[in-house]
Amino acid sequence: MFDIDHFKKVNDTYGHQAGDEVIRVVSNTLLQMQRETDVSGRYGGEEFGIILPDTDAQHAFIMADRLRKQIESMPVTHDGQVIQFTISLGISEFTEDLHEHTEWLERSDQALYESKRNGRNQTNIFKQK
């Protein structure tokens, strides 16, 4: 899971059309970077989900951090204004102790919020407490 950092501020500062352009750039970048076997989509608002089949958490981290760095290096220009933005990501490996897909989402979400608590613009892997 990942979302665009401070997205509300983007909309409030530059307008909703600029926010829509940021979402388009993120979406296109994700589609360009994922493998044919990966599944991704917008989860809601400025949040996205990616499923990386046959990929452990450490390899997912490599892909996620590449995506994070690529997006960080791609400002969006809208109506002559340059918009710098970043994303925060959370990874959860699908394991046999998960009984429902909602548990998998919850773990990814917990890792995502760990990224946000630690300052945003980073990737974290879910750790069982």
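Now for a quick tour of the structure. (Residues numbered from 1 in each chain as written. Predicted model: local features only at pLDDT ≥ 70, side-chain atom pairs only at ≥ 80, totals over all residues. Heavy atoms only, no water.)

1. Section: the packing of helix H2 (residues 16–33) against helix H3 (residues 57–72)
Helices that pack against each other are described as a pair by the angle of their axes relative to one another and the distance between those axes.
Item 1. Running from N to C, H2 and H3 cross one another at 140°; their axes reach a closest spacing of 11 Å. One finds that H2 runs oblique with respect to H3. Viewed along their axes, H2 and H3 form a crossing whose handedness is right-handed. Of the residues in H3, those touching H2 at Val26, Thr29, Leu30 and Met33 are Met63, Arg66, Leu67, Gln70 and Ile71. (Axes fitted to C-alpha atoms, helices over the stretch in contact; angles between N-to-C directions. Helix = DSSP H or I, 4+ residues; strand = E, 2+ residues; numbered from the N terminus. Parallel < 35°, antiparallel > 145°, perpendicular 65-115°, else oblique. Left-handed = near helix turned anticlockwise from the far one by under 90°. Contact = heavy atoms within 4.5 Å.)

2. Comments concerning the pairing of strand E2 (residues 39–44)
Strand residues, when the strand is regular, have side chains that alternate between the two faces of the sheet.
Item 1. Sheet analysis places E2 next to strand E3 (residues 47–51), joined by 5 bridges and oriented antiparallel. Following the sheet pairing, Arg42 is matched in E3 by Phe48.
Item 2. The turn linking E2 back onto E3 is made up of 2 residues, and Gly45 within it adopts a positive phi angle of 55°. (Pairing = 2+ DSSP bridges.)

3. Considerations on the packing of helix H1 (residues 7–14) against H2
Item 1. One way to put it is that H1 packs onto H2 with a least axis distance of 6 Å and a crossing angle of 135°. The pairing of H1 with H2 is recorded here as oblique in orientation. In contact with Phe7, Val10, Asn11 and Tyr14 of H1, H2 contributes His16, Ala18, Gly19, Val22 and Ile23.
Item 2. Split into classes, the residues belonging to the contact of H1 with H2 amount to 6 nonpolar, 3 polar and no charged. (Nonpolar A, V, L, I, M, F, W, Y, C, P; charged D, E, K, R; others polar.)

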